[in-house]
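Structure at a glance
Listed below are the residues making up each chain.
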Amino acid sequence: MNVILLGPPGAGKGTQAKRLEQRYSLVQLSTGDMLRAVVASGSDLGRKAKTVMESGQLMPDDLMIQMISDRIEQPDCARGFILDGFPRTTAQAEALDNMLKNKGLKLSGVIEMKVDSEALIERITGRFSCAACGAGYHDRFQRPKVDEVCDSCGGTEFSRRADDNEATVRSRLAAYREQTAPILPYYEEQGVLRSVDGMSDIDEVTRQIETVLAAA
Ligand code: AMP
């Protein structure tokens with residue numbers, strides 16, 4: 001099963017992708033996570049990516065297309081993958097179609113997570129994660145059970161993404177509106193687009209996605 005999760009920053013794509021990964025034994029392919037690893041490596045490309053990401057703009061299409069094409073070739077993707085953060089432009093969506101065709105793969109579904117854009121700023125600026133295991137939390141909506149201790153691994157160090165501040169979030173939302181939302185009609189015309197209510201609680205969103213995938 002090969003699935004795309006589409007939606008603006010803060011829609012919950014990463015959270016749901018992690019759940020689907022376990023439920024269906026798929027691999028989460030998050031281009032944002034891949035880029036953050038490149039930034040952490042301190043390479044020349046990492047320095048460029050850091051600047052682009054902190055401005056809330058998008059990285060060049062050719063680079064992102066190559067990154068996903070290489071990743072899909074890896075053996076662990078053979079059992080299926082969930083794309084989280086890719087495609088983000090029409091050029092990326094078209095390149096993905098060609099890539100899948102050349103590799104003899106198909107999309108099982110494209111799931112749009114519909115959210116109220118007003119709620120996104122608060123959702124994103126309040127989020128943080130455990131530095132040791134990556135478990136996600138939120139200042140208001142999902143605090144650790146014991147303050148400053150990770151529920152999952154007991155870690156006591158937490159981190160926030162550099163691009164989760166309000167100014168960058170506004171640019172990221174604008175990039176979504178202008179460059180990513182135009183992909184929706186592209187998939188609608190192909191008859192593969194389904195939507196779920198991303199404003200529901202996390203378990204309910206998972207249930208809606210599972211229903212969509214059961215019918216795929
Ligand atoms: P994300 O973790 O998906 O919110 O991505 C964080 C940042 O990485 C974005 O704001 C972009 O700067 C960059 N990025 C991630 N995926 C892509 C992509 N498919 N195309 C272009 N830029 C991307």
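Located above this text is the structure these notes cover.
1. Here's the deal with the overall build of the protein chain
The helix and strand inventory of the protein chain stands at nine helices and eight strands. Taking 17 Å as the expected radius of gyration for a compact globule of 216 residues, we find that the protein chain reaches 17 Å, a close match to that expectation. Expressed as lengths along the three principal axes of its C-alpha atoms, the size of the protein chain is roughly 50 × 40 × 35 Å. When burial is assessed residue by residue, the protein chain has 44% of its 216 residues classed as buried. A fraction of 69% describes how many contacts in the protein chain between residues 6 or more apart in sequence connect residues 24 or more apart. Summed over its atoms, the accessible surface of the protein chain is roughly 11,200 Å², and 48% of this surface lies on carbon and sulfur atoms. In the protein chain, the 27 positive side-chain charges and the 32 negative ones have mean positions that sit 2 Å from each other.

2. Some words on helix α9 (residues 202–215)
Here α9 is 14 residues long and its end C-alpha atoms lie 20 Å apart, about the 20 Å a rise of 1.5 Å per residue gives. For α9, the set of buried residues is Val 205, Thr 206, Ile 209, Val 212 and Leu 213. One side of α9 carries all its buried residues, which in axial view fall inside an arc of 120 degrees. Turned more than 90 degrees away from the buried face of α9 sit Thr 211, Ala 214 and Ala 215, all of them exposed. In this structure, the buried residues of α9 make contact with β1 (2–6), α1 (13–24), β4 (109–114) and β8 (193–197). Capping the start of α9 is the job of one residue whose side-chain oxygen sits 3.1 Å from the backbone nitrogen of Asp 203: Asp 201.

3. Some details on the site of the ligand
Within the structure, the ligand sits among 16 residues, and Thr 31, Arg 36, Gln 57, Gly 85 and Gln 92 are positioned closest to it. In the model, a nitrogen atom of the ligand is placed 2.8 Å from a nitrogen or oxygen of the Thr 31 side chain. Gln 57 places a main-chain nitrogen or oxygen 2.6 Å from an oxygen atom of the ligand. Protein chains shield 96% of the accessible area of the ligand, which is 480 Å² for the free molecule.

4. Some words on the sheet that holds strand β5 (residues 127–130)
Strands belonging to one sheet form pairs held by backbone hydrogen bonds; the direction of such a pair is parallel or antiparallel. In space, the three strands of this open sheet follow the order β6-β5-β7, with antiparallel pairing throughout. The open sheet terminates on both sides in strands that have one partner only, identified here as β6 (136–138) and β7 (158–159). Summarising the sheet, β5 and β7 pair through two bridges and their orientation is antiparallel. By the bridge assignment, Ser 129 is partnered in β7 with Ser 159.

Reading the values: rules and limits
Residues numbered from 1 in each chain as written. Predicted model: local features only at pLDDT ≥ 70, side-chain atom pairs only at ≥ 80, totals over all residues. Heavy atoms only, no water. Helix = DSSP H or I, 4+ residues; strand = E, 2+ residues; numbered from the N terminus. Rg over C-alpha atoms; globule rule 2.2 N^0.38 Å. Buried < 20%, exposed > 50% of the residue type's maximum accessible area, 1.4 Å probe, protein only. Contact = heavy atoms within 4.5 Å. Areas by Shrake-Rupley, 256 points an atom, 1.4 Å probe, with all protein chains shown as cover. Lys, Arg positive; Asp, Glu negative; His and termini not counted. Charge placed at Lys NZ, Arg CZ, Asp CG, Glu CD. Expected span 1.5 Å × (residues − 1). Arc of directions from axis to C-beta. Polar contact = N/O pair within 3.5 Å; in protein donor to acceptor, adjacent residues only side chain to side chain. Near = heavy atom within 4 Å. Pairing = 2+ DSSP bridges.

That's the geometry; what it means functionally is another story.
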